Amino acid sequence: MKYYQAPPELLKERVILITGAGSGIGRAVALSYASLSATIILSGRKLDKLEAVYDEIAAKSYPEAVIFPLDLETATEQQFKDMAEGIYQQLGRLDGILHNAAHFDNLSPLEIQTMKQFEQMLRVNLIAPFALTKACLPLLQRASDASVIFTSTSAGDTAKAYWGAHAISKNAMQHMMQTWAQELEITPHIRLNTIIPGPIQSPQRKKSHPGEIHESLPVTASILPLYQYLMGPDSKLVSGQIFNPEQGLSR
């Protein structure tokens with residue numbers, strides 16, 4: 001999907017929730033979806049970053065965005081339900097979710113990682129996407145064409161030393177996505193897929209690969225066509241797939 005060309009109004013009248021929308025891939029995709037006429041729900045921990053993205057969307061005269069701050073590490077099941085209810089009360093619908101928020105500390109061997117670190121990783125990278133999708137499922141079921149996208153990492157796809165709880169949580173997330181996709185085969189208007197962006201210029205890449213020449217990597221815009229394709233109606237019936245642009249394949 002590297003050369004996918006999205007129609008100008010691909011996401012017109014659609015409401016899309018993006019976690020981790022304040023920076024990196026989340027911010028780039030939020031602006032991209034807004035440019036394709038979607039109403040974006042910006043979610044993340046830091047209100048100032050969400051407000052900055054909101055202002056960028058407004059400055060370009062795209063559909064007005066909505067901000068729902070939420071700390072995925074501490075959020076309760078009730079808070080996820082309240083968020084879904086708030087979306088319904090304010091916007092009346094939900095057509096898609098991009099799970100982009102992630103927690104990453106640093107590269108280290110498993111033997112020195114703590115239970116607290118494991119819990120943080122699992123909370124943000126696995127449990128929160130589960131709880132949020134579950135809370136929003138009734139809204140997605142009401143949509144005529146709904147898409148849920150999970151952002152993963154190559155270390156979650158193939159075991160790599162020192163990636164520890166982060167990779168383990170992402171691997172479990174991919175398994176959860178495919179399990180849910182199979183369970184929702186009876187409702188084909190809802191599809192779930194995972195994207196492994198690969199090495200790109202992002203804040204997390206800087207953190208995980210500090211010795212790398214960041215500017216030599218592909219820019220975030222290079223992966224936007226895949227995010228556009230999987231969120232829009234052109235990918236109907238594509239579900240349960242893991243897309244890895246770096247390797248040029250899906251499965």
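Attention in this report is confined to the structure presented alongside it. (Residues numbered from 1 in each chain as written. Predicted model: local features only at pLDDT ≥ 70, side-chain atom pairs only at ≥ 80, totals over all residues. Heavy atoms only, no water.)

## Considering helix H2 (residues 47-59)
Stage number 1. Between its first and last C-alpha atoms H2 spans 18 Å; for 13 residues at 1.5 Å apiece the expected length is 18 Å, and the two agree.
Stage number 2. At its buried positions, H2 is contacted by helix H1 (24-35), strand S2 (39-43) and strand S3 (66-67).
Stage number 3. Note on H2: the residue one or two positions beyond its end, Ser 61, has a positive phi of about 60°. (Helix = DSSP H or I, 4+ residues; strand = E, 2+ residues; numbered from the N terminus. Expected span 1.5 Å × (residues − 1). Contact = heavy atoms within 4.5 Å.)

## Describing the nonpolar core
Stage number 1. Of all hydrophobic cores here, the largest spans 39 residues; its most connected members are Leu 17, Phe 80, Ile 87, Leu 94, Leu 140 and Leu 192.
Stage number 2. Mapped by element, the contributors of at least two residues to this core are strand S1 (15-19), helix H3 (77-91), helix H4 (115-142), strand S5 (146-151), helix H6 (164-183) and strand S6 (190-195).
Stage number 3. A total of 10 residues in this core trace back to one element, the largest contributor, which is H4.
Stage number 4. Ignoring any residue separated from it by four or fewer positions in sequence, one finds Phe 80 in contact with Leu 70, Leu 72, Ala 75, Ala 128, Ala 131, Leu 132 and Ala 135.
Stage number 5. Residues Ala 30, Leu 36, Ile 40 and Val 53 belong to the second largest nonpolar core, which totals 33 residues. (Core = buried A, V, L, I, M, F, W, Y, C linked by side-chain atoms within 4.5 Å. Buried < 20%, exposed > 50% of the residue type's maximum accessible area, 1.4 Å probe, protein only.)

## Topic: empty space enclosed by the protein
Stage number 1. Inspection of the entire model under this criterion finds 2 cavities of 30 Å³ or more.
Stage number 2. Of the volumes computed, that of the largest cavity is approximately 40 Å³.
Stage number 3. Lining the largest cavity are Thr 19, Leu 72, His 99, Asn 100, Ala 101, Val 124, Ala 128, Pro 129 and Leu 132.
Stage number 4. Quantified by volume, the second largest cavity comes out at close to 30 Å³.
Stage number 5. Around the second largest cavity, the lining residues are Asp 105, Asn 106, Ser 108, Gln 113, Gln 117, Met 121 and Ala 165.
Stage number 6. Among the residues making up the lining of the second largest cavity, the classes are represented as 2 nonpolar, 4 polar and 1 charged. (1 Å grid on protein atoms, 1.4 Å probe; cavity = no way out; pocket = protein on both sides within 12 Å on 5 of 7 lines; lining within 4 Å. Points joined across faces, edges and corners; volume = space filled by probe spheres on them. Nonpolar A, V, L, I, M, F, W, Y, C, P; charged D, E, K, R; others polar.)

Remember that the coordinates give geometry; whether it matters functionally is a separate question.
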